[in-house]
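# Observations on the three-dimensional arrangement
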Amino acid sequence: MKLKNNLVLCGFMGCGKTTVGRALSQSLGVPFIDTDEFLKEKLKLDIPEIFSKYGESFFRTCESSIIRQVTTINGAVISLGGGSLNNTENVNRIKENGRLFFIDTHLSEIKKRLKNDTSRPMLCKKNINFLFSSRYRIYKRYSNYTINGNSTCNAICKDIIKK
């Protein structure tokens, strides 16, 4: 299938962006780009290492650079980091040739999924309830579509394709 625009997935950490993105790209036969994975490959560091060595500000600058790069591609599935939409420049670039899908997953489900996850520096730094509520408003404001993320990966993919 040839996509006219990118399908861009946003949502809170643990909502399923990467899992859904991989399945969606495979189903559609288009490239998949995970901005966090791209950043890790580029810097040859895991995200917790980037945060501890260089701080969040450096990470966000690199993240914006990655978004500038990947949004020049057309017809891909792109999974964003959970905080990517905090920067309106990122939002504007994404929307130039992409449809933004918010994978809306209940916080209780996210907490279950992230229970033993030590790879997410923002979980260590900030209260998850506060972080979730502040980011939730941003996802709702900027997304073109809200998708029920409390479903199976297959159902989420079908919902995105249908929209």
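Residues numbered from 1 in each chain as written. Predicted model: local features only at pLDDT ≥ 70, side-chain atom pairs only at ≥ 80, totals over all residues. Heavy atoms only, no water.

Let's shift gears to the packing of helix α1 (residues 17-28) against helix α8 (residues 153-162). Running from amino to carboxyl end, α1 crosses α8 at an angle of 60°, the nearest separation of the two axes being 9 Å. Judged on the interaxial angle alone, α8 and α1 are oblique. Taken as a pair, α1 and α8 cross one another with a handedness that is right-handed. Between α1 and α8, the residues in contact are T19, V20, A23, L24, S27 and L28 and C153, I156, C157, I160 and I161, respectively. Among the residues forming the contact of α1 with α8, the class breakdown is 9 nonpolar, 2 polar and no charged. (Axes fitted to C-alpha atoms, helices over the stretch in contact; angles between N-to-C directions. Helix = DSSP H or I, 4+ residues; strand = E, 2+ residues; numbered from the N terminus. Parallel < 35°, antiparallel > 145°, perpendicular 65-115°, else oblique. Left-handed = near helix turned anticlockwise from the far one by under 90°. Contact = heavy atoms within 4.5 Å. Nonpolar A, V, L, I, M, F, W, Y, C, P; charged D, E, K, R; others polar.)

Turning our eyes to something else, we now look at the packing of aromatic side chains. Scanning the model with the defined rule gives 7 aromatic pairs in all. Between the aromatic rings of F101 and Y145, the centroid separation amounts to 4.8 Å while the plane-to-plane angle is 20°, which identifies the pairing as stacked. Placement of F101 in strand β4 (residues 98-104) and of Y145 in strand β5 (residues 145-148) is noted, with a sequence separation of 44 residues between them. Assessed through its relative accessible area of 2%, F101 is described here as buried. Centroid distance F132 to Y136: 5.7 Å. Interplanar angle 35°. Geometry classified as tilted. In this pair, F132 and Y136 both sit in helix α7 (residues 128-142), 4 residues apart, roughly one turn of the helix. (Phe/Tyr/Trp six-rings, centres within 6.5 Å; stacked < 30°, edge-to-face > 60°. Buried < 20%, exposed > 50% of the residue type's maximum accessible area, 1.4 Å probe, protein only.)

Moving on, we come to helix α4 (residues 88-96). Listed in full, the buried residues belonging to α4 are N90, V91 and I94. Relative to the axis of α4, the buried residues are bounded by an arc of 100° and lie together on one face. Residues of α4 that are buried sit in contact with β1 (6-10), α3 (47-70), β4 and α7. By the N-cap criterion, in which a side-chain oxygen at the helix start approaches the backbone nitrogen of a residue two or three places on, α4 is capped by N87, the distance to E89 being 2.7 Å. (Arc of directions from axis to C-beta. Polar contact = N/O pair within 3.5 Å; in protein donor to acceptor, adjacent residues only side chain to side chain.)

Packing of helix α2 (residues 35-43) against α3 brings their axes to within 9 Å, and their N-to-C directions diverge by 115°. As the angle between them shows, α2 and α3 are arranged roughly perpendicular. In the crossing of α2 with α3, the sense of the turn from one axis to the other is right-handed. Facing α2, whose interface residues are T35, D36, F38, L39, K40, K42 and L43, α3 presents I47, I50, F58, F59, C62, E63, S65, I66, I67, Q69 and V70. When the residues that make up the contact of α2 with α3 are grouped by side-chain class, the tally is 11 nonpolar, 3 polar and 4 charged.

What follows concerns unusual backbone geometry. Not every positive phi belongs to a glycine, and K44 is a case in point at roughly 60°. Within the secondary structure layout, K44 lies in the loop between α2 and α3. With a relative accessible area of 71%, K44 lands in the exposed category.

Before going further, it helps to spend a moment on the nonpolar core. Note that soluble globular proteins tend to have their nonpolar side chains buried in a common cluster. Within the largest apolar cluster, 47 residues are counted, with the highest numbers of intra-cluster contacts made by L7, F12, L80, L85, L100 and I160. When residues of this core are assigned to their parent elements, the largest contribution, 8 residues, is made by α3. Apart from residues lying up to four places away in sequence, F12 is in contact with K17, I110, I128, L131, F132, R135 and Y139. (Core = buried A, V, L, I, M, F, W, Y, C linked by side-chain atoms within 4.5 Å.)

Relative to the helices and strands, T72 is located in the loop between α3 and β3 (77-79). Residue classification places T72 among the exposed residues on the basis of a relative accessible area of 63%. Measuring from C-alpha to C-alpha, the distance between T72 and E96 comes to 9.2 Å, with 24 residues separating the pair along the chain.

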